[in-house]
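# Tertiary structure, described
Okay, here's what each chain looks like letter by letter:
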Amino acid sequence: MRIEAVDRMASSQAKSASLQRIAFLHQSPTPCDRQANIRSIAAAIGKAADHGARWVLTPELATTGYTFAIEYGTDWIGIEHDAAIEAIVAKVAETDVTLFLGMPERDPTTGALYNTLRVIDRHHGSICTHRKINALRVGSEAWSSTGSIATVADLPDFGPVGLLICADACATRIGEVFRRRGVRAIVSASNWAVGEWGPAGEWERLSRQADIPVFNCNRTGQDAALSFETAESVIASGGTRVMSVASADPIIIFADWDFAAGQLIGWFSRRLR
(Lines give C-alpha, C1' and ligand atoms only; values in the text may rest on other atoms or scores of the structure.)
Protein backbone atom coordinates (compact mmCIF):
# COMPACT_ATOMS: atom_id res chain seq x y z
CA MET A 1 0.00 0.00 0.00
CA ARG A 2 1.33 3.44 -0.98
CA ILE A 3 0.48 6.29 1.37
CA GLU A 4 1.07 10.02 1.33
CA ALA A 5 -0.50 12.37 3.86
CA VAL A 6 0.12 15.55 5.78
CA ASP A 7 -0.98 13.90 9.02
CA ARG A 8 -0.72 10.11 9.24
CA MET A 9 -1.77 9.83 12.89
CA ALA A 10 -5.06 7.98 13.46
CA SER A 11 -7.38 10.42 15.22
CA SER A 12 -9.76 9.92 18.12
CA GLN A 13 -13.54 10.05 17.87
CA ALA A 14 -15.06 13.37 16.82
CA LYS A 15 -15.17 15.86 19.71
CA SER A 16 -17.19 18.64 18.06
CA ALA A 17 -19.93 19.08 15.49
CA SER A 18 -17.40 20.37 12.97
CA LEU A 19 -15.32 17.16 13.03
CA GLN A 20 -16.56 14.54 10.57
CA ARG A 21 -15.28 11.00 10.07
CA ILE A 22 -15.48 10.04 6.40
CA ALA A 23 -15.07 6.47 5.13
CA PHE A 24 -13.72 5.85 1.62
CA LEU A 25 -14.59 2.36 0.34
CA HIS A 26 -11.45 1.83 -1.76
CA GLN A 27 -12.90 -1.39 -3.13
CA SER A 28 -12.38 -3.72 -6.08
CA PRO A 29 -15.78 -4.22 -7.77
CA THR A 30 -16.23 -7.38 -9.84
CA PRO A 31 -17.75 -6.65 -13.27
CA CYS A 32 -19.48 -10.02 -13.49
CA ASP A 33 -20.89 -10.31 -9.97
CA ARG A 34 -23.32 -7.56 -9.01
CA GLN A 35 -24.62 -9.48 -6.00
CA ALA A 36 -21.11 -9.91 -4.57
CA ASN A 37 -20.45 -6.19 -5.01
CA ILE A 38 -23.69 -5.29 -3.26
CA ARG A 39 -22.97 -7.67 -0.36
CA SER A 40 -19.47 -6.19 -0.04
CA ILE A 41 -20.80 -2.62 0.06
CA ALA A 42 -23.48 -3.49 2.62
CA ALA A 43 -20.90 -5.17 4.88
CA ALA A 44 -18.53 -2.23 4.50
CA ILE A 45 -21.26 0.23 5.51
CA GLY A 46 -21.67 -1.68 8.78
CA LYS A 47 -17.92 -1.70 9.36
CA ALA A 48 -17.66 2.00 8.59
CA ALA A 49 -20.50 2.80 10.99
CA ASP A 50 -18.87 0.69 13.72
CA HIS A 51 -15.76 2.88 13.34
CA GLY A 52 -17.76 6.09 13.74
CA ALA A 53 -18.02 7.20 10.10
CA ARG A 54 -20.81 9.65 9.24
CA TRP A 55 -20.27 9.69 5.48
CA VAL A 56 -19.50 6.58 3.42
CA LEU A 57 -18.08 7.17 -0.07
CA THR A 58 -17.88 4.57 -2.83
CA PRO A 59 -16.07 4.57 -6.20
CA GLU A 60 -17.76 5.23 -9.52
CA LEU A 61 -20.05 2.31 -10.53
CA ALA A 62 -19.33 0.55 -7.24
CA THR A 63 -22.25 -1.84 -7.62
CA THR A 64 -21.19 -3.11 -11.04
CA GLY A 65 -17.54 -2.37 -11.82
CA TYR A 66 -16.51 -0.07 -14.66
CA THR A 67 -16.64 -2.48 -17.62
CA PHE A 68 -19.84 -4.30 -16.70
CA ALA A 69 -21.66 -3.50 -19.97
CA ILE A 70 -19.03 -5.36 -21.99
CA GLU A 71 -19.63 -8.49 -19.92
CA TYR A 72 -23.42 -8.62 -19.50
CA GLY A 73 -25.14 -5.73 -21.23
CA THR A 74 -27.56 -3.19 -19.75
CA ASP A 75 -31.10 -4.62 -20.00
CA TRP A 76 -31.22 -5.32 -16.27
CA ILE A 77 -30.54 -1.69 -15.24
CA GLY A 78 -33.62 -0.17 -13.63
CA ILE A 79 -36.18 -2.12 -11.64
CA GLU A 80 -34.01 -5.25 -11.34
CA HIS A 81 -30.93 -3.37 -10.15
CA ASP A 82 -32.93 -1.02 -7.88
CA ALA A 83 -34.44 -4.08 -6.20
CA ALA A 84 -30.99 -5.60 -5.72
CA ILE A 85 -29.59 -2.53 -3.99
CA GLU A 86 -32.37 -2.60 -1.39
CA ALA A 87 -29.88 -4.58 0.71
CA ILE A 88 -27.63 -1.50 0.70
CA VAL A 89 -30.53 0.86 1.46
CA ALA A 90 -31.59 -1.41 4.34
CA LYS A 91 -28.04 -1.36 5.75
CA VAL A 92 -27.97 2.44 5.64
CA ALA A 93 -31.31 2.45 7.51
CA GLU A 94 -29.69 0.44 10.33
CA THR A 95 -26.92 3.00 10.78
CA ASP A 96 -26.47 6.75 11.12
CA VAL A 97 -24.44 7.23 7.92
CA THR A 98 -24.99 9.11 4.68
CA LEU A 99 -23.99 6.97 1.69
CA PHE A 100 -22.65 8.26 -1.64
CA LEU A 101 -23.28 5.28 -3.95
CA GLY A 102 -21.85 4.95 -7.47
CA MET A 103 -24.28 2.95 -9.64
CA PRO A 104 -25.94 2.78 -13.07
CA GLU A 105 -29.45 4.22 -13.38
CA ARG A 106 -32.32 4.06 -15.88
CA ASP A 107 -34.54 7.14 -16.12
CA PRO A 108 -38.06 5.81 -15.44
CA THR A 109 -39.64 8.28 -17.89
CA THR A 110 -37.26 8.31 -20.86
CA GLY A 111 -35.51 4.97 -20.41
CA ALA A 112 -32.13 6.69 -20.84
CA LEU A 113 -29.21 5.15 -18.93
CA TYR A 114 -26.85 7.15 -16.72
CA ASN A 115 -23.68 6.70 -14.70
CA THR A 116 -24.85 8.14 -11.38
CA LEU A 117 -23.90 8.99 -7.81
CA ARG A 118 -26.87 8.53 -5.49
CA VAL A 119 -26.98 10.04 -1.99
CA ILE A 120 -28.87 7.98 0.59
CA ASP A 121 -29.36 8.54 4.31
CA ARG A 122 -31.15 6.77 7.13
CA HIS A 123 -33.86 9.32 7.77
CA HIS A 124 -34.62 10.67 4.29
CA GLY A 125 -33.90 7.76 1.92
CA SER A 126 -32.58 8.83 -1.48
CA ILE A 127 -31.80 12.54 -1.21
CA CYS A 128 -30.67 13.15 -4.78
CA THR A 129 -28.81 11.68 -7.75
CA HIS A 130 -26.00 13.18 -9.83
CA ARG A 131 -25.63 12.03 -13.45
CA LYS A 132 -22.10 12.03 -14.85
CA ILE A 133 -21.58 15.03 -17.11
CA ASN A 134 -18.34 14.01 -18.83
CA ALA A 135 -19.32 10.43 -19.64
CA LEU A 136 -17.33 8.91 -22.49
CA ARG A 137 -19.45 8.07 -25.52
CA VAL A 138 -17.22 5.18 -26.58
CA GLY A 139 -15.82 2.01 -25.03
CA SER A 140 -16.75 1.08 -21.48
CA GLU A 141 -19.10 4.06 -21.03
CA ALA A 142 -20.79 3.99 -24.45
CA TRP A 143 -24.01 2.82 -22.75
CA SER A 144 -24.34 6.01 -20.66
CA SER A 145 -26.12 9.22 -21.59
CA THR A 146 -24.57 12.43 -20.30
CA GLY A 147 -25.87 14.50 -17.41
CA SER A 148 -26.25 18.25 -17.81
CA ILE A 149 -25.98 19.90 -14.39
CA ALA A 150 -23.56 20.29 -11.50
CA THR A 151 -25.59 18.60 -8.77
CA VAL A 152 -25.74 19.85 -5.19
CA ALA A 153 -27.06 17.58 -2.42
CA ASP A 154 -28.58 19.40 0.56
CA LEU A 155 -27.62 17.09 3.42
CA PRO A 156 -29.70 17.30 6.60
CA ASP A 157 -27.66 18.62 9.55
CA PHE A 158 -24.79 19.61 7.24
CA GLY A 159 -25.82 21.63 4.21
CA PRO A 160 -24.90 21.70 0.52
CA VAL A 161 -22.41 19.19 -0.92
CA GLY A 162 -21.32 19.24 -4.58
CA LEU A 163 -21.34 15.90 -6.41
CA LEU A 164 -18.99 14.76 -9.18
CA ILE A 165 -18.12 11.54 -10.98
CA CYS A 166 -14.53 11.05 -12.14
CA ALA A 167 -13.89 13.13 -15.31
CA ASP A 168 -16.51 15.69 -14.25
CA ALA A 169 -13.57 17.17 -12.34
CA CYS A 170 -12.07 18.17 -15.72
CA ALA A 171 -14.75 20.83 -16.22
CA THR A 172 -12.73 24.00 -15.74
CA ARG A 173 -15.49 26.16 -14.19
CA ILE A 174 -17.31 23.63 -12.03
CA GLY A 175 -15.48 24.68 -8.85
CA GLU A 176 -16.64 28.26 -9.33
CA VAL A 177 -20.21 27.05 -9.81
CA PHE A 178 -20.09 25.19 -6.53
CA ARG A 179 -18.54 28.17 -4.73
CA ARG A 180 -21.33 30.49 -5.93
CA ARG A 181 -23.91 28.00 -4.69
CA GLY A 182 -22.44 27.96 -1.19
CA VAL A 183 -21.27 24.35 -1.27
CA ARG A 184 -19.31 23.26 1.84
CA ALA A 185 -17.57 20.20 0.35
CA ILE A 186 -17.25 18.28 -2.91
CA VAL A 187 -17.64 14.48 -3.04
CA SER A 188 -16.30 12.68 -6.11
CA ALA A 189 -16.62 9.01 -7.09
CA SER A 190 -13.94 7.78 -9.49
CA ASN A 191 -12.63 4.88 -11.54
CA TRP A 192 -9.49 6.78 -12.52
CA ALA A 193 -6.33 4.79 -13.11
CA VAL A 194 -2.83 6.23 -13.01
CA GLY A 195 -1.17 6.57 -16.41
CA GLU A 196 -1.29 8.59 -19.60
CA TRP A 197 -4.93 9.56 -19.11
CA GLY A 198 -4.81 9.56 -15.31
CA PRO A 199 -5.61 12.43 -12.96
CA ALA A 200 -3.33 15.45 -13.36
CA GLY A 201 -4.24 17.96 -10.67
CA GLU A 202 -8.01 18.17 -11.27
CA TRP A 203 -9.01 17.64 -7.62
CA GLU A 204 -6.39 20.08 -6.41
CA ARG A 205 -7.59 22.74 -8.87
CA LEU A 206 -11.18 22.19 -7.80
CA SER A 207 -10.34 22.61 -4.13
CA ARG A 208 -8.58 25.90 -4.89
CA GLN A 209 -11.36 27.21 -7.18
CA ALA A 210 -14.19 26.37 -4.83
CA ASP A 211 -12.18 27.09 -1.65
CA ILE A 212 -13.54 23.90 -0.05
CA PRO A 213 -12.24 20.35 0.45
CA VAL A 214 -12.63 17.71 -2.27
CA PHE A 215 -13.13 14.11 -1.11
CA ASN A 216 -12.48 11.68 -3.96
CA CYS A 217 -13.11 7.94 -3.54
CA ASN A 218 -11.26 5.85 -6.12
CA ARG A 219 -10.93 2.06 -6.45
CA THR A 220 -8.38 -0.72 -6.66
CA GLY A 221 -8.16 -4.09 -8.41
CA GLN A 222 -8.20 -5.17 -12.02
CA ASP A 223 -11.01 -4.47 -14.46
CA ALA A 224 -11.34 -5.83 -18.00
CA ALA A 225 -9.48 -2.88 -19.49
CA LEU A 226 -7.38 -1.32 -16.74
CA SER A 227 -5.46 -1.97 -13.54
CA PHE A 228 -6.48 0.28 -10.66
CA GLU A 229 -3.99 -1.09 -8.13
CA THR A 230 -2.12 2.23 -8.02
CA ALA A 231 -5.24 4.43 -8.26
CA GLU A 232 -5.52 6.91 -5.40
CA SER A 233 -8.32 8.03 -3.12
CA VAL A 234 -7.62 11.67 -2.37
CA ILE A 235 -8.49 14.60 -0.15
CA ALA A 236 -7.53 17.93 -1.72
CA SER A 237 -7.72 21.30 0.01
CA GLY A 238 -6.39 24.74 -0.85
CA GLY A 239 -4.95 23.47 -4.12
CA THR A 240 -2.89 20.62 -2.66
CA ARG A 241 -3.37 16.98 -1.72
CA VAL A 242 -3.52 16.52 2.02
CA MET A 243 -4.24 12.77 1.78
CA SER A 244 -3.47 10.35 -1.05
CA VAL A 245 -3.87 6.59 -0.57
CA ALA A 246 -3.40 3.69 -2.98
CA SER A 247 -3.64 0.01 -2.08
CA ALA A 248 -3.46 -3.19 -4.12
CA ASP A 249 -5.90 -4.71 -1.61
CA PRO A 250 -9.45 -3.45 -0.95
CA ILE A 251 -9.48 -1.21 2.14
CA ILE A 252 -11.63 1.29 3.99
CA ILE A 253 -9.87 4.61 4.58
CA PHE A 254 -11.15 6.58 7.56
CA ALA A 255 -10.38 10.31 7.47
CA ASP A 256 -11.27 12.83 10.18
CA TRP A 257 -11.90 16.24 8.67
CA ASP A 258 -12.45 19.40 10.75
CA PHE A 259 -14.78 21.61 8.70
CA ALA A 260 -14.41 24.57 11.08
CA ALA A 261 -10.61 24.54 10.87
CA GLY A 262 -10.53 23.34 7.26
CA GLN A 263 -7.97 20.63 7.90
CA LEU A 264 -7.32 16.91 8.07
CA ILE A 265 -6.93 15.80 11.68
CA GLY A 266 -5.82 12.26 10.89
CA TRP A 267 -6.61 9.05 9.08
CA PHE A 268 -6.22 5.28 9.21
CA SER A 269 -7.29 2.27 7.16
CA ARG A 270 -8.75 -1.21 7.65
CA ARG A 271 -8.98 -4.16 5.26
CA LEU A 272 -12.29 -4.20 3.41
CA ARG A 273 -12.56 -8.00 3.28
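Residues numbered from 1 in each chain as written. Predicted model: local features only at pLDDT ≥ 70, side-chain atom pairs only at ≥ 80, totals over all residues. Heavy atoms only, no water.

For the protein, an unreviewed UniProt entry supplies the name Putative amidohydrolase and the organism Phenylobacterium haematophilum.

When helices and strands are counted, the protein shows six helices and 14 strands. A compact globule built from 273 residues should have a C-alpha radius of gyration of about 19 Å, and the protein, at 17 Å, falls within 12% of that. C-alpha extents for the protein along the principal axes are approximately 45 × 40 × 35 Å. Going through the 273 residues of the protein one by one, you find that 58% of them count as buried. Restricting to contacts in the protein with at least 6 residues of sequence separation, those with at least 24 account for 66%. If you sum the accessible surface of the protein, you get close to 11,200 Å²; carbon and sulfur atoms cover 49% of it. (Helix = DSSP H or I, 4+ residues; strand = E, 2+ residues; numbered from the N terminus. Rg over C-alpha atoms; globule rule 2.2 N^0.38 Å. Buried < 20%, exposed > 50% of the residue type's maximum accessible area, 1.4 Å probe, protein only. Contact = heavy atoms within 4.5 Å. Areas by Shrake-Rupley, 256 points an atom, 1.4 Å probe, with all protein chains shown as cover.)

What follows is about helix α1 (residues 34-50). Taking 1.5 Å per residue as the helical rise, α1 with its 17 residues ought to reach 24 Å, and the 25 Å between its terminal C-alpha atoms agrees with that figure. Turning to α1, its buried residues number three or more, namely N37, I38, S40, I41, A42, A44, I45, G46 and A48. Packing partners of the buried residues in α1 comprise β2 (19-26), β3 (55-57), α3 (79-84), α4 (86-94), β4 (98-106) and β13 (251-258). The positive-phi residue at the C-terminal boundary of α1 is G52, with phi of around 85 degrees. (Expected span 1.5 Å × (residues − 1).)

Their axes nearest at 9 Å, the elements α1 and α4 cross at an angle of 5 degrees. As summarised for this structure, α1 and α4 are arranged roughly parallel, according to the angle between their axes. Each of I38, I41, A42, I45 and G46 in α1 lies in contact with α4, whose residues at this interface are A87, I88, K91 and V92. Residues belonging to the contact of α1 with α4 are distributed by class as follows: seven nonpolar, one polar and one charged. (Axes fitted to C-alpha atoms, helices over the stretch in contact; angles between N-to-C directions. Parallel < 35°, antiparallel > 145°, perpendicular 65-115°, else oblique. Nonpolar A, V, L, I, M, F, W, Y, C, P; charged D, E, K, R; others polar.)

Here F215 is to be found in strand β10 (residues 214-217). Overall, F215 belongs to the buried group, its relative accessible area being 0%. Sequence separation between F215 and W203 is twelve residues, and the spatial gap between their C-alpha atoms is 8.5 Å. In contact with F215, not counting residues within four places along its chain, are I22, F24, W55, L57, A185, I186, V187, S188, V234, I235, W257 and F259.

All right, on to helix α6 (residues 202-210) then. Counting buried positions over the nine residues of α6 gives eight, a clear majority of the element. Among the residues of α6, those classed as buried are E202, W203, E204, R205, L206, S207, Q209 and A210. Residues of α6 that are buried make contact with β8 (159-165), α5 (174-180), β9 (185-189), β10, β11 (233-237) and β12 (240-246). Directly beyond the C-terminal end of α6, a positive phi value near 60 degrees is found at D211.

Below, the discussion takes up the confidence of the model for the protein. Across the protein, the average pLDDT comes to 90, with 93% of residues at 70 or higher. This model gives residues 3-16 a pLDDT under 50, and the stretch forms 31 contacts once residues within four places in sequence are excluded. (pLDDT = per-residue confidence, 0-100.)

A few words now on the state of the cysteines. In total, this model carries zero disulfides according to the counting rule given. Cysteine C128 remains unbridged, with the sulfur of C217 as its closest cysteine sulfur at 17 Å. Residue C128 is classed as buried on the basis of its relative accessible area, which comes to 17%. Here C217 stays unpaired: no disulfide links it, and the sulfur of C166, its closest cysteine neighbor, is 12 Å away. (Disulfide = S-S within 2.5 Å.)

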